[in-house]
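One-letter residues, chain by chain:
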Amino acid sequence: MFRHRGTTLVHRLDPRAKILWLTSLMIIALLVIDPVYLLPPLAFVAILLVISKVYALKEFHSTWIMSVLIGSTILLILFNGLFAAIEVKGGTVLFYINILGLKYPITIEGFYLGIGAALRLLVIMLSFLVVAFTTYPRDLANSLERIGMPYKLSFIIALTFRFIPFLEEEARRVVDALKSRGYKGFEEGNFIERLRAYSTLFTVLIVNSLSLVKRVGIVLEAKCFGASPKRSSLREYKLKFEDYIIIISSLMFLAIYLVLRYYLGLGWLEYAHGYV
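Residues numbered from 1 in each chain as written. Predicted model: local features only at pLDDT ≥ 70, side-chain atom pairs only at ≥ 80, totals over all residues. Heavy atoms only, no water.

With that out of the way, let us pick up the overall build of the protein. Scanning the protein for helices and strands turns up 9 helices and 2 strands. For the protein, the sequential pattern of α-helices and β-strands runs α-α-α-α-β-β-α-α-α-α-α. Counting across all 276 residues of the protein, residues that qualify as buried make up 38%. Approximately 16,600 Å² of the protein is accessible, and the part contributed by carbon and sulfur atoms is 68%. (Helix = DSSP H or I, 4+ residues; strand = E, 2+ residues; numbered from the N terminus. Buried < 20%, exposed > 50% of the residue type's maximum accessible area, 1.4 Å probe, protein only. Areas by Shrake-Rupley, 256 points an atom, 1.4 Å probe, with all protein chains shown as cover.)

In this section: the nonpolar core. The nonpolar side chains of soluble globular proteins are, as a tendency, buried together. The biggest cluster of nonpolar side chains holds 35 residues, and the ones touching the most others in it are Trp 21, Leu 25, Phe 60, Leu 69 and Phe 133. At the level of elements, helix H2 (15–31), helix H3 (35–52), helix H4 (63–83), helix H5 (108–134) and helix H9 (241–263) are the ones that each hand at least two residues to this core. Broken down by element, the residue count for this core peaks at 9 residues, all from H5. In this structure Trp 21 touches Phe 44, Val 45, Leu 48, Ser 127, Val 130, Val 131, Ile 246 and Ser 250, once residues within four positions along its chain are discounted. (Core = buried A, V, L, I, M, F, W, Y, C linked by side-chain atoms within 4.5 Å. Contact = heavy atoms within 4.5 Å.)

Summed over the entire model, instances satisfying the criterion amount to 3 aromatic pairs. An angle of 90° between the planes, with centres 6.1 Å apart, marks the rings of Trp 21 and Phe 44 as edge-to-face. Remark: Phe 44 occurs in helix H3 and Trp 21 occurs in helix H2; sequence separation between them is 23 residues. Accessibility classification places Trp 21 together with Phe 44 in one group, the buried group. We note Arg 261 situated over the ring of Tyr 262; from NZ or CZ to the ring centre the distance is 5.4 Å. (Phe/Tyr/Trp six-rings, centres within 6.5 Å; stacked < 30°, edge-to-face > 60°. Lys NZ or Arg CZ within 6 Å of the ring centre and 35° of its normal.)

Here the focus is the packing of H2 against H5. As a packed pair, H2 and H5 sit with axes 9 Å apart at the nearest point and diverge in direction by 170°. Comparing the axis directions of H2 and H5 gives the class roughly antiparallel. Taken together, the residues of H5 that come into contact with H2 (itself represented by Lys 18, Trp 21, Leu 22, Leu 25, Met 26, Ala 29, Leu 30 and Leu 31) are Arg 120, Val 123, Ile 124, Ser 127, Phe 128, Val 130, Val 131 and Thr 134. Partitioned by chemical class, the residues of the contact of H2 with H5 number 12 nonpolar, 2 polar and 2 charged. (Axes fitted to C-alpha atoms, helices over the stretch in contact; angles between N-to-C directions. Parallel < 35°, antiparallel > 145°, perpendicular 65-115°, else oblique. Nonpolar A, V, L, I, M, F, W, Y, C, P; charged D, E, K, R; others polar.)

For the rest of this paragraph, the subject is helix H7 (residues 151–180). Residues spaced three or four apart along an α-helix point in a common direction, a consequence of the helix completing one turn every 3.6 residues. Here H7 is 30 residues long and its end C-alpha atoms lie 43 Å apart, about the 44 Å a rise of 1.5 Å per residue gives. Among the residues of H7, Tyr 151, Ser 154, Ala 158, Phe 161, Phe 163, Glu 170, Ala 171, Val 174 and Val 175 are the ones counted as buried. (Expected span 1.5 Å × (residues − 1).)

Let us look at the pattern of salt bridges. Summed over all chains, the structure comprises 3 salt bridges. With its nearest N and O atoms 2.9 Å apart, the salt bridge here joins Asp 14 to Arg 16. Among the residues examined, Asp 14 registers a relative accessible area of 3% and is labelled buried. Measuring nitrogen to oxygen at the nearest pair gives 3.5 Å for the salt bridge that ties Asp 243 to Lys 240. (Salt bridge = Lys/Arg side-chain N within 4 Å of Asp/Glu carboxyl O.)

A contiguous nonpolar surface patch, about 380 Å² in accessible area, is contributed by Leu 239, Tyr 244, Ile 248 and Met 252. Owing to a relative accessible area of 46%, Ile 248 belongs among the partly exposed residues under this scheme. (Patch = residues over 30% accessible without salt bridge, like charges linked within 9 Å, V, L, I, M, F, W, Y side chains within 5 Å.)

Attention now goes to H9. If you check H9, its first and last C-alpha atoms are 32 Å apart, about what 23 residues at 1.5 Å a residue would give, namely 33 Å. Among all positions in H9, only Asp 243, Ile 246, Ile 247, Ser 250, Phe 253, Leu 254, Tyr 257 and Leu 260 are buried. Residues of H9 that are buried sit in contact with H2 and H3.

Peptide bonds are mostly trans, and most non-glycine residues show a negative phi. The backbone phi angle of Lys 53 is positive, close to 60°, even though this residue is not glycine. Here Lys 53 lies in the loop between H3 and H4.

The next subject is the side chain of Thr 73. Examined against the element boundaries, Thr 73 turns out to sit in helix H4. A residue is classified by how much of its surface remains accessible, and Thr 73, at 19% relative accessible area, is buried. Apart from the residues within four sequence positions on either side, Thr 73 is in contact with Ala 118 and Leu 122.

Close contact between H2 and H3 brings their axes to 10 Å; oriented N to C, the two are set at 155°. In terms of axis orientation, H2 runs roughly antiparallel to H3. Here the hand of the crossing between H2 and H3 comes out left-handed. Along the contact surface, H2 presents Trp 21, Leu 25, Ile 28 and Ala 29, while H3 presents Leu 38, Pro 41, Phe 44, Val 45 and Leu 48. Looking at side-chain class alone, the contact of H2 with H3 contains 9 nonpolar, no polar and no charged residues. (Left-handed = near helix turned anticlockwise from the far one by under 90°.)

Right, let's talk about the environment of Tyr 55 for a bit. Among the secondary structure elements, Tyr 55 is positioned in the loop between H3 and H4. Assessed through its relative accessible area of 39%, Tyr 55 is described here as partly exposed. As a C-alpha pair, Tyr 55 and Val 130 span 75 residues in sequence and 9.0 Å in three-dimensional space. With residues up to four places along the chain from it excluded, the contact list for Tyr 55 reads Leu 49, Val 50, Phe 60 and His 61.

Here you go:
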């Protein structure tokens, strides 16, 4: 699913610089929830998204990525708009809905909180996709080792990235096989029938994944994985000028938001008690 080939500036960045960029944006997204203060980090992500041309990839516009991005955004806005009145005291009421005979207020503040939660999630997901679409798993694993992570753990992370395309391709094959046998549960039927169809799909994927994990484990044991306490790498990673620019700008961005949040008390909503 993930395409890593490219000649853009973002593709040429050192994986360590991209990891730091991703980490700083994730921390910033968790520091604030006011939509106004989430726009700058979202713009930062959008800049690298455009430079890397990830937005133009066919894989980026795949059904499941668009479903997660759009679906989670809409659900967060609606959920907070409908249920955040529990936390909002004295908010501006748009209208009331009746639940079991009780009037339940729908407030502007609830929808505002929902927009903030949705922007939070967009910053995290889009920044992750930029890194995932522009970094080879082996480069990611080697870079994580160089910043002190145990190589077994970095290998697990890299293997996880390799599993995602396998699961997508396996799911497509299973669905095509069932459709060729006349099974229409994925396209027709009520909610219960579709739920049964996808539960069958997930069961097959889990069984096939366990089988693949077993084969990978046998291969690793045959190659004596873990026998050496320190691994060598074919590629050498050196930070370049553009890497330092990304690192410095990410750290400065993070420092500014730490000051805004903890020194000036900005970027938070007083009724956002259910958020970290």
